[in-house]
Amino acid sequence: MSALADSGATFRWQQEYAIGDAQIDAQHEELFELARLLEASLRQNKSSSVIQPALSAIPLLVHVHFRDEEAFFERIGSPLLTQHKALHVRIAEEALWLTNALRQQPPAIAAVRLLDWLETQLLVHIVNADRIAVATAHRQDDAEVSERQGGARKGRVDFSRDRDGG
Amino acid sequence: MKPLNLGRLHALVVEDNVHMSTLIRIVLKALGVGRISVAEDGADAFKYIKSLNIDFIITDWNMSPLDGIDLARLIRTGKDSPDPFLPIIMLTGHTEMNRVFEARDAGVDEFIAKPFSAKAVYMRVENIVLKRRPFVKSMSYFGPDRRRQVIPGYRGPKRRESDHFAAAAIRDAAQNAKAAAAASPVVVVDPKAMSQTEVAALLGHD
């Protein structure tokens, strides 16, 4: 388990992670809740009862969430939609591969690896890339307003943070 | 066939283990169930059923003070039961044959063994929505038909009231409930939903 997960409060949802859409924020919060649940089950030596349901649920959760989130980004006109979809494809493929691979692992090992993946891939994606995608949409709106007012600005986003897990 | 849109259904999860109830709730939500309530034991659940319009329940077996079997009996045959026809899915680690029979005889519709999978939950919900067994009443049982198979040439004892005399009221009630369920707008095909193949791939193994 990573140093972050050892802290105990890592997977607590915080309002500052919200991107401003009730449905998407609720789904994000649930993914944090799932990570917290896995962590708690590990601490209480009860991972055997939750790991198989969690493994079976994650590909579906990820698929449904990404579908809804892409629709939201499209609605708000995020200029990073195409790049974001590509990130989603990679994460969804990883989720499917990883959960299949972990089914054969002992419960505690599977839980640790799944938790690590949730933290370093999915939750980092939520905290960084998702918020950037929304922020750029807002910046674009601002820029359009500024342009109309004769002072256009440009926003730049570095997605390497997401790929690097940071 | 396309997957169901369960967005207008209200599920009640009855489970005293917070890890398990969280997982079930998250899975149901991902499957598209519109409203999900959680009760910590059978007694709490019965209160919810009386006060909310619950469409189906997923209940654990071992709970205190009222366990899942007691709850199923209370729903099916309790004098103050608000909905004796409420679909009941039992989630349990007890998979011995005598336990399965006990749950079946209490009027449970479907059974999910722990550790559960998202696919098992989806299939049981699909069963109660699309392929629910008709209700029967005998001297000692009221609930979904326990005979999942029709055995040609069956010569054993016939214990159902409808086997012996015209239990018109019972038949009518069951038929009315079935007709109401069939006419209900609750379940519709969602054109935006995933294909059956996509769902199967995501849900993986049982």
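Further up the page is the structure itself.
Read on for a plain summary of the structure. From a predicted model like this one, the values you see are computed outputs, not experimental measurements. (Residues numbered from 1 in each chain as written. Chains lettered and ligands numbered in written order. Predicted model: local features only at pLDDT ≥ 70, side-chain atom pairs only at ≥ 80, totals over all residues. Heavy atoms only, no water.)

On to the overall build of chain B, then. When its secondary structure is counted, chain B shows eight helices and nine strands. Burial analysis of chain B (206 residues in total) assigns 45% to the buried set. In chain B, the proportion of contacts linking residues at least 24 apart, taken out of those at least 6 apart, comes to 66%. Looking at chain B as shown, the accessible area adds up to about 10600 Å², and 53% of this sits on carbon and sulfur atoms. (Helix = DSSP H or I, 4+ residues; strand = E, 2+ residues; numbered from the N terminus. Buried < 20%, exposed > 50% of the residue type's maximum accessible area, 1.4 Å probe, protein only. Contact = heavy atoms within 4.5 Å. Areas by Shrake-Rupley, 256 points an atom, 1.4 Å probe, with all protein chains shown as cover.)

We now examine the pairing of strand β4 (residues 56-60) of chain B. All names here are of chain B. In terms of residue burial, β4 counts as a mostly covered element, since five of its five residues are buried. Judged by which residues are buried, β4 turns out to be covered on both faces: F56, I58 and D60 on one side and I57 and T59 on the other are all buried. Examined bridge by bridge, strand β2 (residues 10-14) and β4 share four bridges and lie parallel to one another. Bridging across to β4, V13 finds its partner in I58. Pairing between β4 and strand β5 (residues 88-92): four bridges, direction parallel. Each bridged residue has a counterpart across the sheet, and for T59 the counterpart in β5 is M90. (Pairing = 2+ DSSP bridges.)

Glancing now at the sheet that holds strand β6 (residues 110-113) of chain B. Adjacent strands of a sheet pair through backbone hydrogen bonds, lying either parallel or antiparallel. All names here are of chain B. Read from one edge to the other, the open sheet built from five strands follows the order β3-β2-β4-β5-β6, with strand pairing classed as parallel. Each edge of the sheet is formed by a strand with only one pairing partner; in this case those strands are β3 (35-39) and β6. Geometrically, the sheet is characterised by an average inter-axis angle of 20 degrees between neighbouring strands, direction not taken into account. Taken strand by strand, helix α1 (residues 18-30) contacts β2, β3, β4 and β5, and its axis lies near 170 degrees from that of β3. (Axes fitted to C-alpha atoms, helices over the stretch in contact; angles between N-to-C directions.)

Quick look at helix α3 (residues 47-76) of chain A now. Residues and elements named next belong to chain A. Along α3, the sharpest change in direction is near 35 degrees and occurs at A57; proline P59 comes one to four residues later. The element α3 is extensively covered by neighbouring structure, given that 21 of its 30 residues are classed as buried. Note on α3: the residue one or two positions beyond its end, G77, has a positive phi of about 70 degrees. (Bend = angle between axes of the 7 residues up to and from the residue.)

This paragraph deals with the interface of chain A and chain B. Listed as interface residues are 24 residues of chain A and, on the opposing side, 21 residues of chain B. Between chain A and chain B the total buried area reaches about 2000 Å² when both faces are included, carbon and sulfur atoms providing 70% of it. Linking chain A with chain B are two salt bridges. With a shortest N-O distance of 3.1 Å, B:K29 and A:E30 are connected by a salt bridge. At the surface where chain A touches chain B, the tally comes to three residue pairs in polar contact (both at pLDDT 80 or more). If you list the elements that add at least two residues to the side of chain A that touches chain B, you get α2 (22-43), α3 and α4 (81-102) of chain A. Broken down by element, the residue count for the side of chain A that touches chain B peaks at 13 residues, all from α3(A). Considering only residue class, the side of chain A that touches chain B consists of 13 nonpolar, seven polar and four charged. (Buried area = accessible area lost by both parts, 1.4 Å probe. Salt bridge = Lys/Arg side-chain N within 4 Å of Asp/Glu carboxyl O. Polar contact = N/O pair within 3.5 Å; in protein donor to acceptor, adjacent residues only side chain to side chain. Nonpolar A, V, L, I, M, F, W, Y, C, P; charged D, E, K, R; others polar.)

Residues and elements named next belong to chain A. It is the contact of α3 with α4, at a shortest axis distance of 9 Å, that shows an interaxial angle of 175 degrees. Considering their axes alone, α3 and α4 lie roughly antiparallel with respect to each other. In this structure, α3 uses L55, I58, P59, V62, F66, E69, E70, F73 and E74 to contact α4, whose residues at the interface are L81, H84, K85, H88, I91, A92, A95, L96, T99 and L102. Residues that form the contact of α3 with α4 fall into these classes: twelve nonpolar, three polar and four charged. (Parallel < 35°, antiparallel > 145°, perpendicular 65-115°, else oblique.)

This is a description of form; function is not addressed.
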